[in-house]
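Examination of the molecular architecture
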Amino acid sequence: MKIVNNINIQKWFAVALVSTALFTSSCKKSFLDVPPQGQQPAVQFWKTQDDATKGVNAIYGNLRTWGNVAFPALVIESVASDEADKGSTPTDATFWNLYDNFTVTSTEGSLQGFWDAQYQNINLCNQVLDNVPAISMDASLKTRYLAEAKFVRAYSYFRLVRAYGDVPLRLKVPAGTSEYNIPRTPKATVYAQIEQDLTDAAAVLPQAYGSTDIGRATKGAALGMHAKVAMYQKKWADVLAYTNQVMGLGYSLFPDFYQSFRTTHNNNSESVFEVQAEILPGNPVATNSQYSQVQGVPGIPAGGWGFNVPSDVIAAAYEPGDARIIGTMLFRGSTTPDGDVIPTTTPNPRYNMKSYVPFSLYNSAYNSGAQQHIRVLRFADILLMNAEAANELGNSTQALSSLNRVRARARGTNTAILADVTATDATTIRAAVYKERQLELAMESDRYFDVIRQGRAAEVFGPKGWKANKNEVWPIPQTEIDRSGNLLTQNPGY
Amino acid sequence: MKQIFTKFSVLTFLCLLFMNAVSAQNITVKGTVTDGQDKTSIPAVSVMVKGTTVGTQTDANGKYAISVPANGTLVFTYIGYNTQEVAVNNQTTINAALASSSQQLDQVVVVGYGTQRKIDVTGSVASVKGEDISKQASTNAVGALQGKVAGVSIVNSGQPGKAPTVTIRGTGTIYGQTGVLYVVDGVWYDDINFLNPADIANISILKDASSQSIYGIRAANGVVLVTTTRGKKGDPTINYNGSIGIQSVTNAVKMANASEYATAVNESYKILNQPPLFPSTNLGEGTDWYKQILRNAMVTNHQVSINGATEKSSYNFSLGYLNQDGIVKKNNYKRYTARLSNDFQIFPGLKIGYNVTGVSSVSRDAPTSIFRDMYTAAPVIPVFNADGSYGDPSKLNLGNGPTSNPQATLDFFNQRNAKYKVTGNVFAELKFAKHFTFKTSAGGDFAQEENRTYTPKYYATASQNTTVSILGIDRIETRNWILENTLTYDNKWGDHNLTLLVGQTAQRYKSYTLNGTAQNVPYSTDGDLYLSLGDAATRLIKDSGSLNTADSYFGRANYSFKNKYLLNASIRADAASQFFGGSDLWGYFPSVGGGWVITNEDFMKDQKIFTNLKLRGSWGKVGNAGVPINPTTLSIDQGAGLIAFFNGQPYTGASVTTIVPPALFWERSAGTDIGLEMGFLNNRLSIEADYYSRKTEQAIFDIPVLGSLGTSNGKIIGNQADFRNRGFELAATWSDKTAGGLAYSISGNVGMNNNKVLNVTSGDNPIYAGGGGLVNAVIPTRTITGSPIGEFYGYKVSGIFQTPAQVAASAQPNARPGDFIYVDQNGDGKIDGKDRVSLGNPNPKYTYGVNTNFAYKNFDLTVDIQGVAGVDVYNGNLGARFGNENYTKKLYDNRWTGPGSTNTYPSANLAGGDNIQANSFYVESGAYIRLRNIQLGYTFPQALMSKWKVQKLRVFANAQNAVNLFGYRGFSPEVGGTPTNAGVDINVYPLFATYNLGINLTF
């Protein structure tokens, strides 16, 4: 009997185990259908007004990235000019010298870094421009969002076209692999598209925003940017028209030049467009701007890395007493107006004051100076563009009026310096405007491309190694050419 | 009828046992098992009562005791010996002398989902006995395998508690899980750090594709099967293994002292036309940072196990304790393990059991950057100033290079990592209808990890200070399970031997990570370290997780005819959740193998040369599902970097910042193995040689995409590469015993592997990697068609510029005398990225080991030597410079000091110009040869021991890594790294030797 029992138990076990096996395999379908964890599928996005808002916010958020504001941007747009030197210790990040002395070749990494950053901005704009139109939402808000995206796309293409000349022009998110690889579009076509975007943007964007939206692109920003883009193409009538419009929008020069760059005066009356950056408590990833850090005073806790420093040329360019000296340069061994003592032992004689954040605001949990906004377009620039365009069009009165407004603010109460320019011949006024742009916009990444578009690069940068018919643009990044299977061509001379 | 009767009687007998627990029929038989040839005792011989599952094993002295029916028969089985049967016939003492098996017929190896006679194996499987691992007094079972098995490359990190990197026959996959699969008693793991080395009975390494393919989905990098110790029949045995050791840095790199450093810095400033930094260079020795931060560190290891078994059940219970100090001060790792396994023979034919391991570890971590900090720190900086403050490099204006005082780095670093894990399985095994075995097993792995980092508010130096304290806590939970059912049919009739297996597996892997940070958390005790004590506004919570499931079916047939002709075939089908919804949900992984035991042929009968000669060949496919979930699903990026600020306030940003491929397929690799096994001189000499070639097709790879696509990561995943590992392995063992009583074995193994990328969809465009940790995005590795994965590349140095005239005439107009001269490969008159070429291979071409054992009377000696050759290392430490980092003494002594001084070493201005670019000066041979383990043991005489009721007492002294020979100019040529970025030495744990004293005690 016992044996029989045992055999029965054996059978029973066998049946139980086999059915377990069958059971586990029978629920296979749902078992393998696992959704992505912690990732929202894109097909669920771009459905609501809230999605549109987030998509547009992302465009602004991305303007703080390393490639947009730090090393790649500073080597491409600043250090090659006569106003800036590499900085830091001689052996630190020597690739900066390749830009400073025009020996850079196509394989240098920052060429790709700057390129990528601009196209990342453009992708975020195209995502909005492709997807938001179909969203059912507040119609006027939708129109504004599309205009904001167009503004940033235009700004990014402007940075690209200045740096590289002809570039691939992407106005849509690629629909498939067949649209991944596209050739360079002629510079003129890119400029035309930039102008179209800015025209569209200016027609829609508001003159100002309510308190929860300060920092978004405005009508003034679109018009001002359009003026600058027109200036690079010598479309003087357009420059004059757009700057005149901006001058009617209520902007004014901030009285204290030094203070106008401090965080206490973000988005001030002079600001036409600036990149918004803040310390977000507890969130170092959102507090990601390294604009100030890479230019900060090295060797002190609240400082930085000490790159992109004002050169002897710019230091010698100011009249003594010019408010812009202290507003532009932070001197070794000095004390800042905010009371910070700069040691005498720092490796460089000067640092960029326009990126300076007072040490009392330093918090070691974040990149130092991460809260510094970047002044992209100031009303002073609008005035100087206005002056230059008026002069080129023969209106010396308006030219001098705008030019001297800028000088007056720099002069302050010191009547002994920076006398009004009174010349009436176009050549003298042109030279005066050029000079004023140098002084007013120093260390704001304007000078390098400004001198090139003025046609004076061989004269001004020639001693540093700049060569005509080559250095008007930087090389196309070699890795990008390689990845395109040589569909992309290289710029002449590289 | 007879068979039925036998079964009847045994069952009846066992049923009686069930009820009465004691059988009056049984007698206890004792005895000793010896080698028939040399008369030495043999431990661990299986002693079974014939026709039952009752049995025991011989102890360390070859002795056994077993309760057996007076009319029963004992079966003695041991690997390498012929099985012997002895009828009991009321004898109470039965000594057995086993004859060495001429054909290793009975040697059994563990293979996927079962065991196989060694002779029947047609793939390449290496077996390592547990005692070979446990006797090394190693802190990690896998690390102890280094040099033991041909073709298995192991890189030990040195960091306490960190698992070694194991590569079997070259890099098998690039993406996802690039490590081997460990299967412990049927449960799958990514590492076996949780196992106490003493709990391991056997490790089987499946090296060829045909052996691995039964684990299809996860087999692409090889499979390591671990069998744990189970209770042995007989009286309870208590084992204690303990050792205490000291770890000491070997092969330290000598750095420049203060005077030398100041001299070199002044020289580099002079080259750069700067005034000297140091007014006087007569600064003496200065600070030896390595001496300041490193120490001789203790390691203590205790393992206790109790095991035993009755006829109906067996048990094995073990406890382990490891306390290892790191060679960096304050660094400590403690691990507690507990393991319990039970088997119950419910009735003949049905066995159930379980294994469960609990492990807890606590690590006080070393700062991750400390090795780099020590290397770069200026010797002119005092540890502390006279006033007690930290020596501050910024006070001497040393610039962006050596900004840290390593002592401050260490003092203000507080990171504690605690891990808890419970893992194991329950199983039932049913033998029925004579030939069938059904086994079901459910395994689980439940782990929790807490990583806590606290940085206080402090001021040490200008670059080492904080204005707020920060507390970060990560909690990682893992919940995995695996369910397996297998049915085996095993039959032997006439000349035929057949085993069939079918099986099914379901698996689920889930992990979840919660990360929180807060600022201004006060600290007086660890009890303060709660996020809720920090500033409310700064508290940040993040989380992430993963979930994978897989469903699999497999089958295998093993057939042998006359023990001469062997045929094995298997197939596995896997469906993985990663591919759900795609066109390629199922992956199929077949294998086939054949063998010919030539010595069993009639025509070989009279030859005297070979004791064993076997030719085998196999082919198989394996897969890799290590890709993100639903890799073709585009998802939203809501990263904090996309947060926008308006009027100072944050607003969430989200968008699409990546691209995905339209389809993704299983990565499959197919491999062939041809092997020859030879035994000579009655198997005193055995040789095993293998040739293999494995091609990984449609390897899942990230390839870079056009920057103008505007993605945030610049890459796209896809099936975009094919690569191949091809090589040759040779293993030989000689074992013998001299007339004088010296028993010894000497085995050597060598593996040669060639790794080559056959095709990348990015065409001739390299996939670059390796920028991490090096300055200014210097990228020293690339993966490109026709080269090994992750080869080093950069400029070829042809010499050193001696004069300004030489510079002026060169392709490097910005160079200075003392700088590297780079070869203008394309002859375009300038040096740029297009002049970079292959500089070396981080994948070792040769791995080898020599393992020896000697036993004479009560003494035993083990000497293991191991090494690699044909491999390169990128000396990132030397080349990564911002400026005034310290110099190695070697560089200082050999540096260029003026025209004609040297054409090999650069000037002190090493950080200047293009000297920091990846170049051939920094690529060095990574070959080394090492005295991996030397151990001398003494076993106390039996006579003495029995008085103390001790079965065995052995004391030993050993040294691990005591001698390391290599030409590499860094701390250790064992660098490791991910497949596309391996061998870049930037922050490697220095090599250290461990000297242990230990005892093995058995009651």
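In this text, all values refer to a predicted model and were calculated from it rather than measured experimentally.

Calculation rules
Each chain has its residues counted from 1, running along the sequence as written. Naming scheme: in the order in which they are written, chains are lettered from A and ligands are numbered from 1. Residues qualify for local features only when their pLDDT is at least 70, as the model is predicted, and side-chain atom pairs are given and counted only at 80 or more; totals for whole chains, interfaces and linings, by contrast, use all residues. Where helices and strands are cited, they refer to DSSP runs of H or I of at least four residues and of E of at least two residues respectively, numbered from the N terminus. Exposure in this text rests on C-beta crowding, where 20 or more other C-beta atoms within 10 Å of a residue's own make it buried, 12 or fewer make it exposed, and counts in between make it partly exposed. The C-beta atoms are placed from the backbone. What counts as a contact here is a pair of residues whose C-beta atoms, placed from the backbone, lie within 7 Å. Residue ranges assigned to each domain were obtained from an automatic or database domain assignment. Residues are sorted three ways: Asp, Glu, Lys and Arg are charged, Ala, Val, Leu, Ile, Met, Phe, Trp, Tyr, Cys and Pro are nonpolar, and all the rest, Gly among them, are polar. Strand pairing requires that DSSP identify at least two bridges connecting the strands. Each axis is a line fitted through C-alpha atoms, taken for helices only over the stretch in contact, and angles between the N-to-C directions span 0 to 180 degrees. A residue's pLDDT is the predictor's confidence in that residue, given on a scale from 0 to 100. UniProt positions are given in the numbering used here, feature names are shortened, and annotations may be inferred rather than shown by experiment. By definition, a nonpolar core groups buried Ala, Val, Leu, Ile, Met, Phe, Trp, Tyr and Cys residues that are joined through C-beta atoms within 7 Å.

Turning next to the environment of Ala 576 of chain B. All names here are of chain B. Counting through the fold element by element, Ala 576 comes out in strand 27 (residues 565-576). Of the residues examined, Ala 576 has 27 C-beta atoms within 10 Å and is grouped as buried. When the C-alpha positions of Ala 576 and Ala 219 are compared, they lie 14 Å apart, and in sequence the two are 357 residues distant. Every residue in contact with Ala 576, bar those within four places of it in the chain, is listed here: Ile 217, Asn 548, Ala 550 and Ala 625.

Another aspect to go through is the domain arrangement of chain B. Reports of interface size often rely on the accessible area that becomes lost once the parts have come together. Residues and elements named next belong to chain B. Once the domains are mapped, chain B shows domain 1 (2-99) and domain 2 (108-236). Sorting the residues of the side of domain 1 that touches domain 2 by element identifies strand 3 (55-57) and strand 4 (63-69) as the ones contributing at least two each. For the side of domain 1 that touches domain 2, the class distribution of residues is four nonpolar, three polar and no charged.

Glancing now at the sheet that holds strand 5 (residues 73-77) of chain B. Residue and element names in this part refer to chain B. Read from one edge to the other, the open sheet built from four strands follows the order 3-2-5-6, with strand pairing classed as antiparallel. On the outer flanks of this sheet lie strand 3 and strand 6 (84-87), each paired with one strand and no other. This sheet shows a mean twist of 20° between the axes of neighbouring strands, independent of strand direction. Summarising the sheet, strand 2 (residues 46-49) and strand 3 pair through three bridges and their orientation is antiparallel. Its bridge partner lying in strand 3, Met 48 is registered against Gly 55.

This paragraph deals with the confidence of the model for chain A. Close reading of the predicted structure is inappropriate where its pLDDT is low. Overall, the predicted model of chain A reaches an average pLDDT of 93, with 94% of residues at or above 70. Low pLDDT, under 50, characterises residues 1-5 of chain A; the predicted model gives this stretch three contacts beyond four residues in sequence or across chains.

Our next topic: the UniProt feature "domain: SusD-like N-terminal" (unreviewed entry) in chain A. The UniProt feature table records "domain: SusD-like N-terminal" (unreviewed entry) at residues 31-229 of chain A. Here residues 31-229 of chain A runs as 55% helix and 2% strand, with 57 Å between its end C-alpha atoms.

Let's shift gears to the pairing of strand 16 (residues 223-228) of chain B. Residue and element names in this part refer to chain B. Counted residue by residue, strand 16 has five buried out of six residues, so it is predominantly covered. Two elements, strand 13 (residues 181-184) and strand 16, share four bridges in a ladder whose sense is parallel. Across the sheet, Val 183 pairs through a bridge with Leu 225, a residue of strand 16. Taken together, the six bridges between strand 15 (residues 200-206) and strand 16 define a ladder with antiparallel strand orientation.

Quick look at the environment of Ile 865 of chain B now. Residue and element names in this part refer to chain B. Mapped onto the fold, Ile 865 is located in strand 43 (residues 859-869). Expressed as a C-alpha distance, the spacing of Ile 865 and Gly 967, which sit 102 residues apart in the sequence, is 17 Å. The residues contacting Ile 865, other than those within four sequence positions of it, are Gly 849, Val 850, Ile 929, Arg 930, Leu 931 and Arg 932.

Of note in the backbone geometry, Phe 102 of chain A takes a positive phi value of approximately 60° without being a glycine. Within the fold, Phe 102 of chain A resides in the loop between helix 6 (95-100) and helix 7 (109-131). With a phi close to 50°, Asn 89 of chain B is a non-glycine residue in the positive phi region. Among the structural elements, Asn 89 of chain B can be located in the loop between strand 6 and strand 7 (96-98).

This next bit is on the nonpolar core. Ranked by size, the top nonpolar core spans 184 residues in total, and within it Val 128, Phe 151 and Ala 222 of chain A carry the most contacts. When residues in this core are grouped by element, the largest group, 14 residues, is from helix 8 (residues 139-164) of chain A. Not counting chain neighbours up to four residues away, the residues in contact with Phe 151 of chain A comprise Leu 198, Ala 201, Leu 205, Ala 217, Ala 221 and Ala 222 of chain A. With 71 residues, the next largest nonpolar core counts Leu 294, Ile 370, Val 797 and Val 923 of chain B among its residues.

With 94 residues of chain A at the contact, the number on the chain B side is 96 residues. Contributions of two or more residues to the side of chain A that touches chain B are made by helix 1 (2-26), helix 2 (28-32), helix 3 (49-61), helix 6, helix 7 and helix 20 (478-483) of chain A. Broken down by element, the side of chain A that touches chain B gets its largest block of residues, twelve residues, from helix 1 of chain A. In terms of residue class, the side of chain A that touches chain B is built from 38 nonpolar, 43 polar and 13 charged.

A few words on the UniProt feature "domain: RagB/SusD" (unreviewed entry) in chain A. The UniProt record annotates "domain: RagB/SusD" (unreviewed entry) at residues 351-494 of chain A. For residues 351-494 of chain A, the end-to-end C-alpha separation is 32 Å, with 44% helix and 5% strand making up the annotated structure.

Residues and elements named next belong to chain B. With mixed pairing, the three strands of this open sheet are ordered in space as 4-1-7. Two strands lie at the open edges of the sheet, namely strand 4 and strand 7, each paired on one side alone. Going across the sheet, the axis of each strand differs from the next one's by a mean of 35°, ignoring polarity. Taken together, the seven bridges between strand 1 (residues 26-35) and strand 4 define a ladder with antiparallel strand orientation. By the bridge assignment for strand 4, Val 29 is matched with Ile 66.

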